[in-house]
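# Structural overview for review
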Amino acid sequence: MERLEKTRRILREDPIGDWKEPMERVRRAILTRVPPMPRPIPAWRRQVSLPLPLAVLAAVILIALGVSSALSIARSNLGFVKITKAPAGGTEYQFAVPVDKVEALLKSVGGGDTGLEAVLTLPKNVKLVPVGAPRMGKETEFSRKKP
Amino acid sequence: MSNTEYARPPSFDMVYIALFPVIYRVSLRVTGDREIAEDLCHEAFIKLMERPYLLPDLEQSKYWLIRVVKNLSLNHEKRRNREKAAYAKLTRLTSGVSESSDKQFLKKETRSDVQTALDALPYNLRAPLVFREYGDLSYKEIGAILGISESNVKVRIFRARERVVTALGERDVYVS
């Protein structure tokens with residue numbers, strides 16, 4: 001035990017020589033060190049600063065665009081009814097309905113008030129051929145080429 | 001420790017002035033080479049400077065720096081072992097190289113007996129002994145740095161001291 005304690009003392013008391021000179025050298029090296037080049041930031045992580053009003057405006061425009069596109073999709077898929085007063089005093093109804101609901105719409109139009117004027121907005125790629133009255137059907141359903 | 005010290009961590013300059021001697025001493029005792037010890041200190045303090053935030057007090061700074069020095073010195077030790085192995089292989093192949101020239105190649109500078117005894121220790125015994133004697137770290141801290149248990153640290157330090165005693169005894173260094 002005494003031997004080990006003595007060894008500890010010898011280890012601690014053994015001089016390491018001058019450390020002030022290395023200290024100064026290292027300090028100078030640290031101070032004169034060129035700062036590392038900043039890493040290139042990927043485009044998707046790059047940040048930009050915007051004035052707040054501009055940011056709010058951009059957000060509003062984006063939201064408006066989103067809402068309008070969502071509405072147009074909903075109108076084309078779900079259909080809608082628009083009722084406007086015609087200049088002559090009558091009432092004008094505008095319907096936009098999915099293709100599979102057209103027949104039901106026509107039935108309701110044909111069996112109702114004769115004074116009703118309906119404007120049907122159908123997709124341009126749907127071809128309709130008259131098959132009797134008032135029924136209408138798709139060309140593919142009633143093709144004359146069928147045997 | 002006062003409240004002010006808790007509130008404001010020591011600046012880089014304060015840490016450098018207070019801890020350079022300790023870090024240099026630890027680096028020197030682990031590597032046994034002044035130039036390499038200086039390089040290790042340089043790298044360790046650069047890493048400290050590049051940290052995004054300062055460490056809260058000097059004790060934690062010392063612990064952090066010694067941990068960095070340990071990683072750097074371990075890399076150096078591995079490189080040195082590779083070089084030694086390559087040199088040994090070369091001397092086996094080349095005839096006419098004397099023992100004294102081998103020693104001159106490996107040890108260019110004069111070392112104290114204590115440093116020679118430390119150099120003779122394997123790294124896994126030398127590092128814990130140096131961290132304990134020159135870094136004043138606790139067994140627990142040394143265990144955390146080296147990734148070993150506290151009891152293992154004690155065993156290693158005991159064995160290291162025994163070997164140093166033997167080495168120094170053979171040289172009749174401590175005749176009191």
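Residues numbered from 1 in each chain as written. Chains lettered and ligands numbered in written order. Predicted model: local features only at pLDDT ≥ 70, side-chain atom pairs only at ≥ 80, totals over all residues.

## Some remarks on the overall build of chain A
How we decide: Helix and strand definitions here come from DSSP, where helices need a minimum of 4 consecutive H or I residues and strands a minimum of 2 consecutive E residues; each element is numbered from the N-terminal end. Each residue is classed by its C-beta neighbour count within 10 Å, where at least 20 other C-beta atoms makes it buried, 12 or fewer makes it exposed, and intermediate counts make it partly exposed; the C-beta atoms are placed from backbone geometry. Contact between residues is assigned whenever the C-beta positions, reconstructed from backbone atoms, fall within 7 Å.
Of regular secondary structure, chain A possesses four helices and five strands. Out of the 147 residues belonging to chain A, those deemed buried represent 3%. Of the contacts made within chain A by residues no fewer than 6 positions apart, 30% connect residues no fewer than 24 positions apart.

## Looking at the overall build of chain B
Looking only at helices and strands, one finds nine helices and zero strands in chain B. Within chain B, contacts between residues at least 6 apart in sequence are counted, and of these 69% link residues at least 24 apart.

## Some points on helix 3 (residues 34-49) of chain B
Basically, it comes down to this: To estimate how far a helix should reach, multiply one less than its number of residues by 1.5 Å. Summarising the geometry, the arc corresponds to the directions from the helix axis toward the C-beta atoms.
Across its 16 residues, helix 3 of chain B extends 22 Å between first and last C-alpha, which sits within 8% of the 22 Å expected from 1.5 Å per residue. Looking at helix 3 of chain B, one finds that the buried residues are Ala 37, Glu 38, Leu 40, Cys 41, Ala 44, Phe 45 and Leu 48 of chain B. What you see down the axis of helix 3 of chain B is that its buried residues fit within an arc of 160°, all on one side. Residues of helix 3 of chain B that are buried in the fold lie against helix 2 (20-31) of chain A together with helix 2 (12-31) and helix 4 (58-93) of chain B.

## Overview of the nonpolar core
So the rule is basically this: Think of a nonpolar core as buried Ala, Val, Leu, Ile, Met, Phe, Trp, Tyr and Cys residues, each tied to the set through C-beta atoms within 7 Å. How far each domain reaches was decided by an automatic or database domain assignment.
Of all hydrophobic cores here, the largest spans 41 residues; its most connected members are Ile 23, Cys 41, Ala 44, Ile 66 and Val 69 of chain B. Listing elements by their share of this core, those giving two or more residues are helix 2, helix 3, helix 4, helix 6 (113-120), helix 7 (123-133), helix 8 (139-146) and helix 9 (150-170) of chain B. Each of two domains, domain 1 (1-109) and domain 2 (110-176) of chain B, supplies a minimum of three residues to this core. Residues contacting Cys 41 of chain B, with those up to four places away along its chain left out, are Val 26 of chain A together with Phe 20, Ile 23, Tyr 24 and Ser 27 of chain B.

## Topic: the interface of chain B and chain A
Counting residues at the interface gives 21 residues for chain B and 19 residues for chain A. For the side of chain B that touches chain A, the secondary-structure elements that each account for two or more residues are helix 2, helix 3 and helix 9 of chain B.

## Overview of the packing of helix 2 of chain B against helix 7 of chain B
Residue and element names in this part refer to chain B. As a reminder of what qualifies: Lines fitted to C-alpha atoms define the axes, with helix axes restricted to the stretch in contact, and inter-axis angles between N-to-C directions lie between 0 and 180 degrees. Roughly parallel means an angle under 35 degrees; roughly antiparallel means over 145; roughly perpendicular covers 65 to 115; every other angle is labelled oblique. Each crossing is labelled by how the near helix is turned from the far one, with a counterclockwise turn of less than a right angle marking it left-handed and a clockwise turn marking it right-handed. When residues are grouped by polarity, Ala, Val, Leu, Ile, Met, Phe, Trp, Tyr, Cys and Pro land in nonpolar, Asp, Glu, Lys and Arg in charged, and all others, Gly among them, in polar.
Running from amino to carboxyl end, helix 2 crosses helix 7 at an angle of 155°, the nearest separation of the two axes being 9 Å. Taken together, the axes of helix 2 and helix 7 lie roughly antiparallel to each other. Both helix 2 and helix 7 take part in a crossing whose hand is right-handed. On helix 7, the residues that touch Val 26, Arg 29 and Val 30 of helix 2 are Arg 126, Ala 127, Val 130 and Phe 131. Among the residues forming the contact of helix 2 with helix 7, the class breakdown is five nonpolar, no polar and two charged.

## Side note on unusual backbone geometry
In this structure, Asp 136 of chain B takes a positive phi of about 55° despite not being glycine. Note on placement: Asp 136 of chain B falls in the loop between helix 7 and helix 8.

## Some thoughts on the packing of helix 7 of chain B against helix 8 of chain B
Residue and element names in this part refer to chain B. Helix 8 packs onto helix 7 with a crossing angle of 140° between their chain directions and a minimal axis gap of 10 Å. If you check the angle between helix 7 and helix 8, you find them oblique. The interaxial crossing formed by helix 7 with helix 8 has right-handed handedness. Of the residues in helix 8, those in contact with Ala 127, Pro 128, Phe 131 and Arg 132 of helix 7 are Ile 142, Ile 145 and Leu 146. Considering only residue class, the contact of helix 7 with helix 8 consists of six nonpolar, no polar and one charged.

In short, geometric facts, not functional conclusions.
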